[in-house]
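Residue-level structure breakdown
As a plain string of letters, each chain reads:
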Amino acid sequence: MTQGSMLLFCSTWLCVWCLSACQPAPNKVIEITTDASYSASLSDNAQLALVSTANNGVQVWDLTGPNMSYQWLQGKKDDTSNVIDTAMSANNTFAATISHNSLAIWRLDDGSSVGWWSLPSYAQSVAIANNGQTLVGLVDGSVMSLSPQKNRLIQFLGHQEKVNSVSISADGQTALTGGNDGKVMLWNSQTGQPIQQWILGSRITKVLINHSGSLSFAADITGNAAIWQSISGSKVSQLNIVRRQMNFSSARFVKNDQQLLTGTPSKELFLWQINSGKALGHWQVQLSKNTQNRGAVVYSAAMTPQGTIVSISSQGLIEYWQQ
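Residues numbered from 1 in each chain as written. Predicted model: local features only at pLDDT ≥ 70, side-chain atom pairs only at ≥ 80, totals over all residues. Heavy atoms only, no water.

Turning our eyes to something else, we now look at the sheet that holds strand β14 (residues 163–168). With antiparallel pairing, the four strands of this open sheet are ordered in space as β14-β15-β16-β17. Each edge of the open sheet carries a strand with a single partner, namely β14 and β17 (194–199). Strand-to-strand twist across the sheet, computed as the mean angle between neighbouring axes with direction ignored, equals 15 degrees. Judged from the five bridges that link them, strand β16 (residues 183–188) and β17 form a sheet pairing that is antiparallel. Within the sheet, the bridge partner assigned to K183 lies in β17 and is I199. (Pairing = 2+ DSSP bridges. Helix = DSSP H or I, 4+ residues; strand = E, 2+ residues; numbered from the N terminus. Axes fitted to C-alpha atoms, helices over the stretch in contact; angles between N-to-C directions.)

This is the structure we're talking about:
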């Protein structure tokens, strides 16, 4: 190795070491499960956690305790590892869980089951509104939009390939979906009528609509991520991602829709300014002490009314961060 190459290698290693060493530590860590987990969701106020475990069903945790409020099983009682995605409504009234071939809706106030539905194709993603209106993205390119209150189901066929991510406004009227076809579709969840469409460079990994339905966010596998005005379709900002690639495993609008909080499959949390796309903060979730797995997926992140950032990861850890 030449002297110049050695200097470059040492400088690069030093930068990586500094970035790792200088990561801020969480103020508080709660381990809610040591079981393997496949999905988890936090409520908007970060007081509830919903986690799908490999051997102990789907658990609902009250994080003010913390204590486990409910434990749900979906499907056969001897098969508790089949829930692949979870969601909670913005008003903490409903929860939705999906296996590859079924949907279950639950009430969060008493833990009761609202209903169970078989799905026509393998499921990928789920979202639920304040009134129980539920979206399920499927591998056949369709999206099921179910209203349990009205006992009504429609099928949205705006995608040509697998639907990876779905999101719904708090009132249950507006849906946002993204798939392998690179399309981001905004549509009416009651009628299936398209409202807007955006095309990104590659397959979509995450979409998010804010509670009012006025803002839409989407990101593809290359880290191309943007925020649009839903009604006009005009772009608000492009996230200023300086690395070659960034995938998102979670996203949430916070601070009255002025900021965006995202998680990645590689242990990272980012806080972004909506109007500029600028990164405001960066954190890295921890590994549990006895784990053999050196990675961690950030399943969900939220911000408390006091501004504390809260995350839940595949390590079974709830972590609290100060900005």
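Tallied over the full model, the rule gives three salt bridges. Among the ionic pairs, D109 bridges to R107, the shortest N-O distance being 3.1 Å. A salt bridge links E268 to R243; the nearest nitrogen and oxygen atoms lie 2.9 Å apart. Within this pair, whereas E268 is found in strand β24 (residues 268–273), its partner R243 is found in the loop between β21 (235–238) and β22 (250–254), the two being separated by 25 residues in sequence. On the basis of relative accessibility, which here comes to 7%, the residue E268 falls in the buried class. On the basis of relative accessibility, which here comes to 37%, the residue R243 falls in the partly exposed class. (Salt bridge = Lys/Arg side-chain N within 4 Å of Asp/Glu carboxyl O. Buried < 20%, exposed > 50% of the residue type's maximum accessible area, 1.4 Å probe, protein only.)

Let us look at unusual backbone geometry. That bond from G65 to P66 is cis: its omega, -5 degrees, falls within 30 degrees of zero. As for its placement among the helices and strands, P66 is situated in the loop between β4 (58–62) and β5 (67–72). The residue A46 is not glycine, and still its phi comes out positive at about 65 degrees. By secondary structure assignment, the location of A46 is in the loop between β2 (37–42) and β3 (48–53). Given the relative accessible area of 5%, A46 is considered buried. Despite not being glycine, N256 shows a phi value in the positive range, around 55 degrees. With respect to the secondary-structure elements, N256 resides in the loop between β22 and β23 (259–263). Judged by its relative accessible area of 73%, N256 falls in the exposed class.

Quick look at the sheet that holds β22 now. Here we have four strands laid out as an open sheet, ordered β22-β23-β24-β25, and antiparallel in their pairing. Each of the sheet's edge strands pairs with one partner strand only, and the pair in question is β22 and β25 (279–284). Sheet twist, expressed as the average angle between the axes of neighbouring strands with direction ignored, equals 15 degrees. Alignment of β22 against β23, held across five bridges, turns out to be antiparallel. Among the inter-strand pairings, A251 is bridged to a residue of β23, identified as T262.

Let us look at the pairing of β5. Looking at chain direction, β4 and β5 are connected through five bridges and run antiparallel. Within β5, the position partnered with Q59 by the bridge is Q71. Here β4 folds back onto β5 in antiparallel fashion, the turn holding four residues.

Right, let's talk about the packing of aromatic side chains for a bit. Taken as a whole and assessed by the stated rule, the structure comprises six aromatic pairs. Between F270 and W272, the aromatic rings sit 5.5 Å apart at their centres with planes inclined by 25 degrees, giving stacked as the arrangement. W272 matches F270 in its accessibility class, with the two residues each being buried. An aromatic cluster is present here, built from Y70, W72 and W106 joined pairwise through their rings. (Phe/Tyr/Trp six-rings, centres within 6.5 Å; stacked < 30°, edge-to-face > 60°.)

Taken by themselves, the reported measurements are silent on function.
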